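Commentary on secondary and tertiary structure
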Amino acid sequence: MFEIIYYIEIIFIMLLVVSLCGYVFVVIKEKLYLSKNIILIDKKAVTQDHIDKTDLKEFLLGGIRMKTGDEVKVTLFGDKNFYGIVIGAIKKDNSLIIVTHSDKIEKLKVNRIKKVKLVSKYGRFF
């Protein structure tokens, strides 16, 4: 009976170590991407054309400094919410382009935005 419990404990410890090692490797990989100014957006809906349309990769919106890759919650007038990842902004259209978690590209006019909340910044882990 004690042997079974001992083996189960060993399996759980190994799973914990493997998951921690995986997390550390992901953090190191993204830090390397940041040092090379590469932002990885893992969404199939985002194409190079969407990225080329944006002319601002880092900007200030509602007193919050945002850049490409940040995860945001945007509330429009009329209480419509969008959760997604910032692709960039178009200065001449005065709009923000985000990709939602359901892989839809949304172009939001800044004058229609009621509230912006920064959920997480790209590259910040701790």
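Residues numbered from 1 in each chain as written. Predicted model: local features only at pLDDT ≥ 70, side-chain atom pairs only at ≥ 80, totals over all residues. Heavy atoms only, no water.

1. Things to note about helix 1 (residues 2-35)
Quick reminder of the rule: Numbering of helices and strands runs from the N terminus, with a helix taken as a DSSP run of H or I at least four residues long and a strand as a DSSP run of E at least two residues long. By this rule the span expected of a helix is its residue count minus one, scaled by 1.5 Å.
The end-to-end C-alpha separation of helix 1 is 50 Å, in line with the 50 Å expected for 34 residues at 1.5 Å each. Remark: Asn37 follows helix 1 within two positions and exhibits a positive phi of approximately 60°.

2. Structural notes on the environment of Gly69
Quick note on the threshold: Any two residues having at least one pair of non-hydrogen atoms within 4.5 Å are treated as being in contact.
Mapping Gly69 onto the fold places it in the loop between strand 2 (64-67) and strand 3 (71-76). Along the backbone, Gly69 and Asp42 are 27 residues apart, and their C-alpha atoms lie at a distance of 9.9 Å. Apart from the residues lying within four places of it in its own chain, the contact partners of Gly69 are Ile39, Ile85, Val86 and Tyr122.

3. Concerning unusual backbone geometry
Here is the rule we go by: Under the scheme applied here, a residue whose accessible area is under 20% of the maximum for its type counts as buried, over 50% as exposed, and between as partly exposed, the area being computed with a 1.4 Å probe on protein chains only.
Although it is not a glycine, Asp79 adopts a positive phi angle of roughly 60°. You can see Asp79 is positioned in the loop between strand 3 and strand 4 (81-90). A residue is classified by how much of its surface remains accessible, and Asp79, at 56% relative accessible area, is exposed. Positive phi, close to 60°, is recorded for Asp103, a residue that is not glycine. Among the secondary structure elements, Asp103 is positioned in the loop between strand 5 (95-100) and strand 6 (105-109).

4. What to know about the sheet that holds strand 5
Test applied: Pairing between two strands requires that DSSP report at least two bridges joining them. The angle between two axes is taken between their N-to-C directions and runs from 0 to 180 degrees, where each axis is a line fitted to C-alpha atoms and a helix contributes only its stretch in contact.
Here we have 5 strands laid out as an open sheet, ordered 6-5-4-3-7, and antiparallel in their pairing. Sheet topology places strand 6 and strand 7 (113-120) at the edges, where each strand pairs with a single neighbour. Each strand axis lies, on average, 45° off the axis of its neighbour in the sheet, ignoring direction. Across 5 bridges, the pairing between strand 3 and strand 4 is antiparallel. The partner of Lys73 across the bridge, within strand 4, is Tyr83.

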